[in-house]
Amino acid sequence: MRNHHFLLVCFPVLGHINPSLQLAHRLISLGAHVTFATTIVANRRYHKTHHDFTTPGLSFATFSDGFDDETLKLSADFAHYLSELTRCGSHSLINLITSSANHGRPITFLIYSLMFNWAADVASIFDIPSALFFVQPATLLALYYYYFVDGYEDTISTKLLQQDPSFSLQLSGLPLLASRDMPSLLSPSNPNAFLIPPMRQQFEFLRRQIRPKVLVNTFYALEREALGAIDDKLKMVPIGPLIPYDDLCRSPISSEDYYIQWLNSKANSSVIYISFGSICVLSDTQEEEIVGALLESGHTFLWVIRSMDDEEERMKKLGGRGKIVRWCDQVQVLSHPSLGCFVTHCGWNSTIESLVYGVPVVGFPLQIEQATNVKLVEDVWRTGVRVKANAEGIVERGEIRRCLDIVMGDTDVKKREEIKGNVKKWKELAREAIGEGGSSYLNLESFVREIDEDSY
């Protein structure tokens, strides 16, 4: 294989940055050099908490989104943000590609994040081939393609707007999807509907290509049917789970982090880990219901809460039964033997990490694609259960307690044992996929080799 120089252009949120960096490391292990580029703001934030920027073969670059002083929040005017990002980012990328060539390290391939097809347009100016990296499951990629390209938009959006609870849809290669399993952004009335226009543009961009390859953070055994659902339209290349491989062999007991030392003192499978990711924020009412459920369950817990303004008051309510932290190394926590279950929003990174580390899930979807992810967790892989919200959208403490009792207690021993068995099965299959000679390892190796063979 050639000595490739990949330019990896990443959307500026952690849900994209973390798996994209792992992809960079995998490419480096195949002998490539990678330049990882994201916005100036995202790079600044990431540097505050991460310091592993000395990997041989990995370089970092930044580009402007037009708001380097952080004067605009992404959701405030997303169309304006994307317009400025496209304009400023394209200019930065042209300079970066030109500079790399002038310094004797020309870019040979570009990999870009969802809604960053402008980066592919820049690459085409220099005759550099490119591919999309999709950080969510193959099921969602196929569903979005059906929606934006294959004519299902009116049916799905109308039913979601009507909030029709009886609506269900069977699409080739996908599980039967009810209204509550659909990505929330596909509903015109949803606050995240501002993502629909750039998503449509992205899928129109893919449609104009002849069976483009898309790298997907999943593995063959996990989504066999979905990976082939639209195989005549685009070729999904499963290269996940994109988890730090070294962490699969690392013992968290050696860590000096205080929360790990605390976990070391707990019995195996006894702790509930609660985290809703880096973006989602719970309402006060919802947080109170979780507190009530934890108190009633009697279990020890580790809860990640980004806003710690009332930490003392929270701990007083919880009677010192658990620990609240502002941030933790989630991979370390999930790999700890004291973990009994993971209460999660079911963002894709958290979902696939739960599989890799063998932790049962209580799925608590909040927005965008999370409802579809938890559908897979509960009904397809059967590695956890899903909470049900009331008419006001709040998950009450009794419902949370019901789910915790299934995965942690003795209310439904048959169900709990089924979940434990499936968790063990998927953990083994996930690790097999990314190990040397595994399906995802070979898929990425073939992807790089085929670039050399000018298959693009």
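Residues numbered from 1 in each chain as written. Predicted model: local features only at pLDDT ≥ 70, side-chain atom pairs only at ≥ 80, totals over all residues. Heavy atoms only, no water.

For the chain, the name recorded in an unreviewed UniProt entry is Glycosyltransferase, with Momordica charantia as its organism. Here the chain is described in UniProt, under the heading Catalytic activity (unreviewed entry), as follows: "mogrol + UDP-alpha-D-glucose = mogroside IE + UDP + H(+)". Turning to the chain, the UniProt record has this under Pathway (unreviewed entry): "Secondary metabolite biosynthesis; terpenoid biosynthesis." (UniProt positions renumbered as here; feature names shortened; annotations may be inferred.)

So, on to a nonpolar patch on the surface. A contiguous nonpolar patch, built from I94, I125 and F126 and spanning about 250 Å² of accessible area, is present on the exposed surface. Its location among the elements puts I125 in helix α4 (residues 117-125). (Patch = residues over 30% accessible without salt bridge, like charges linked within 9 Å, V, L, I, M, F, W, Y side chains within 5 Å. Areas by Shrake-Rupley, 256 points an atom, 1.4 Å probe, with all protein chains shown as cover. Salt bridge = Lys/Arg side-chain N within 4 Å of Asp/Glu carboxyl O. Helix = DSSP H or I, 4+ residues; strand = E, 2+ residues; numbered from the N terminus.)

Quick look at the side chain of T39 now. By secondary structure assignment, the location of T39 is in strand β2 (residues 33-39). With sequence-adjacent residues up to four places away left out, T39 is seen in contact with P12, T62, F63, D65, Y81 and L85. (Contact = heavy atoms within 4.5 Å.)

A separate point is the packing of aromatic side chains. With the rule as written, the count across this model stands at 24 aromatic pairs. Taking the centre distance of 6.1 Å and the plane angle of 65 degrees together, the rings of Y144 and F203 count as edge-to-face. Taken together, the residues Y144 in helix α5 (residues 138-148) and F203 in helix α7 (residues 196-207) connect sequence positions 59 residues apart. When its relative accessible area of 1% is taken as the criterion, Y144 is described as buried. Considering the side-chain rings of Y273 and F342, the 4.9 Å spacing of their centres and the 25 degrees angle between planes classify their relative orientation as stacked. Separated by 69 residues along the polypeptide, Y273 in strand β10 (residues 271-275) and F342 in strand β13 (residues 339-344) bring together distant segments of the chain. (Phe/Tyr/Trp six-rings, centres within 6.5 Å; stacked < 30°, edge-to-face > 60°. Buried < 20%, exposed > 50% of the residue type's maximum accessible area, 1.4 Å probe, protein only.)

Moving on, we come to the environment of F60. As for its placement among the helices and strands, F60 is situated in strand β3 (residues 58-63). Of the residues examined, F60 reaches a relative accessible area of 28% and is grouped as partly exposed. Between the C-alpha atom of F60 and that of F36, which follows or precedes it by 24 residues, the distance is 4.9 Å.

The next point concerns the environment of S92. You can see S92 is positioned in helix α3 (residues 78-102). Accessibility expressed as a relative area gives 19% for S92, which makes it buried. Taking the C-alpha atoms as reference, S92 lies 42 Å from L302; in sequence the two are 210 residues apart. When residues no more than four places from it in sequence are discounted, the contact partners of S92 are F63 and S64.

Judged by pairing direction, the sheet is parallel, and its six strands sit side by side in the order β12-β11-β10-β13-β14-β15 without closing on themselves. A single partner strand is all that each edge strand has here, and the edge strands are β12 (323-325) and β15 (384-386). The sheet shows a mean angle of 15 degrees between the axes of neighbouring strands, taken without regard to direction. As defined by bridge partners, β10 adjoins β13 across five bridges and the pair is classed as parallel. Within the sheet, the bridge partner assigned to I274 lies in β13 and is V343. The strands touched by helix α10 (residues 284-297) are β10 and β11 (300-304); relative to β11, the strand with the most contacts, the crossing angle is about 160 degrees. Along the sheet face, helix α15 (residues 397-408) touches β10, β13, β14 (361-363) and β15 and points at about 170 degrees away from the line of β15. (Pairing = 2+ DSSP bridges. Axes fitted to C-alpha atoms, helices over the stretch in contact; angles between N-to-C directions.)

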